[in-house]
Amino acid sequence: MNMRAIVAGLAVSATLLAAPALAHPVDGAWKEQHNNTPGITTPANFKLTIWMKVEGDTLHYHSENTTQPDKPYISDHVSTLDGKVAPFPNQTRFNEISTLLTEPYELQILKMKDGDVIAGEFWTFSKDGKTAVRRGIGKSPEGKSRAYQEHFVKVTDEPKYKK
């Protein structure tokens, strides 16, 4: 092997090692965007931002619903992306969480209370990483279920979550 080939190989190796890891499609802060599409049930005053970060096979999730600024609803959980049930701490409506990466750009999140699914979320992220749609079915604290569809736009790639 000649010296030029060795130097070129070392240069390529150094570049690959120095390159930042590619972000996962779900990584970043996602802000709910109101949408006038028929069948979308998001209230006009709804304010929700969700921060997600995938590290290996683990999802870190933090959300802040500030629809009622004096009573923000904060949600934090950490779970593996294999569908296994994990604890969902500090919540009254849920005590278990299951997350599953069903496709490279699709995520399923099941929020449960003692094994009973209270909310099922099905996320689809755009291939350009700028938008997402969350569809689901949730049961209110009064026991009434409803379907929903929400549109999100990525506002930053920087995650906000507890380690």
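Now for a quick tour of the structure.

Cut-off values and rules
Residues numbered from 1 in each chain as written. Predicted model: local features only at pLDDT ≥ 70, side-chain atom pairs only at ≥ 80, totals over all residues. Heavy atoms only, no water. Helix = DSSP H or I, 4+ residues; strand = E, 2+ residues; numbered from the N terminus. Buried < 20%, exposed > 50% of the residue type's maximum accessible area, 1.4 Å probe, protein only. Polar contact = N/O pair within 3.5 Å; in protein donor to acceptor, adjacent residues only side chain to side chain. Pairing = 2+ DSSP bridges. Axes fitted to C-alpha atoms, helices over the stretch in contact; angles between N-to-C directions. Core = buried A, V, L, I, M, F, W, Y, C linked by side-chain atoms within 4.5 Å. Contact = heavy atoms within 4.5 Å. Phe/Tyr/Trp six-rings, centres within 6.5 Å; stacked < 30°, edge-to-face > 60°. Salt bridge = Lys/Arg side-chain N within 4 Å of Asp/Glu carboxyl O.

**Considerations on the side chain of Asp76**
Within the secondary structure, Asp76 is located in strand β4 (residues 73-80). Since its relative accessible area comes to 19%, Asp76 is described here as buried. Among the polar contacts listed, one links the side chain of Asp76 to the side chain of His62, at a separation of 2.4 Å.

**Things to note about the sheet that holds strand β8 (residues 116-125)**
On the basis of which strands lie adjacent, the open sheet formed by ten strands has the order β4-β3-β2-β1-β10-β9-β8-β7-β6-β5 and antiparallel pairing. The open sheet has two free edges, formed respectively by β4 and β5 (82-87), since each of these has just one partner strand. Averaged over neighbouring strand pairs, the angle between their axes works out to 20° when direction is ignored. As paired strands, strand β7 (residues 106-113) and β8 are joined by eight bridges and run antiparallel to one another. Looking at β8, one finds that Met112 is bridged to Val117.

**Some remarks on the nonpolar core**
With 22 residues, the main nonpolar core has Met52, Leu59, Leu107, Trp123 and Phe125 as its most contacted residues. Aside from chain neighbours lying at most four places away, what touches Phe125 is Pro25, Val26, Trp30, Met52, Tyr105, Leu107, Thr131 and Ala132.

**A word on the pairing of strand β10 (residues 145-156)**
Both strand β1 (residues 28-33) and β10 contribute to a ladder of five bridges, which runs antiparallel. In the sheet register, Ala29 faces β10, and the bridge partner there is Thr156. As judged from the nine bridges shared by strand β9 (residues 131-139) and β10, these two strands associate in the antiparallel manner. Note that in β10 the partner of Val133 across the bridge is His151.

**Brief notes about the packing of aromatic side chains**
Per the stated rule, a full pass over the model turns up four aromatic pairs. When the ring of Trp123 is compared with that of Phe125, the centres are 5.4 Å apart and the planes differ by 5°; the resulting orientation is stacked. Aromatic side chains Trp123 and Phe152 sit 4.9 Å apart centroid to centroid with 40° between the ring planes, which places their arrangement in the tilted category. Of the two residues, Trp123 sits in strand β8 while Phe152 sits in strand β10, which places them 29 residues apart along the sequence. Grouping residues by exposure puts Trp123 and Phe152 together as buried. Connected via pairs of aromatic rings, a cluster forms that spans Trp30, Trp123, Phe125 and Phe152.

**Here's the deal with the pattern of salt bridges**
Enumeration according to the criterion identifies six salt bridges in this entry. Put simply, Asp27 and Lys53 hold a salt bridge, and the shortest N to O gap is 3.3 Å. With a gap of 26 residues between them, Asp27 in the loop between α1 (3-18) and β1 and Lys53 in strand β2 (residues 48-55) connect regions that are remote in the sequence. Between Glu121 and Lys111 there is a salt bridge; the shortest N-O distance is 2.8 Å. You can see Glu121 sitting in strand β8 and its partner Lys111 sitting in strand β7, a full ten residues away along the chain. Each of the two residues, Glu121 as well as Lys111, counts as buried. Ionic contacts of the salt-bridge type, sharing partners, join the residues Lys111, Glu121, Arg134 and Glu150 into one network.

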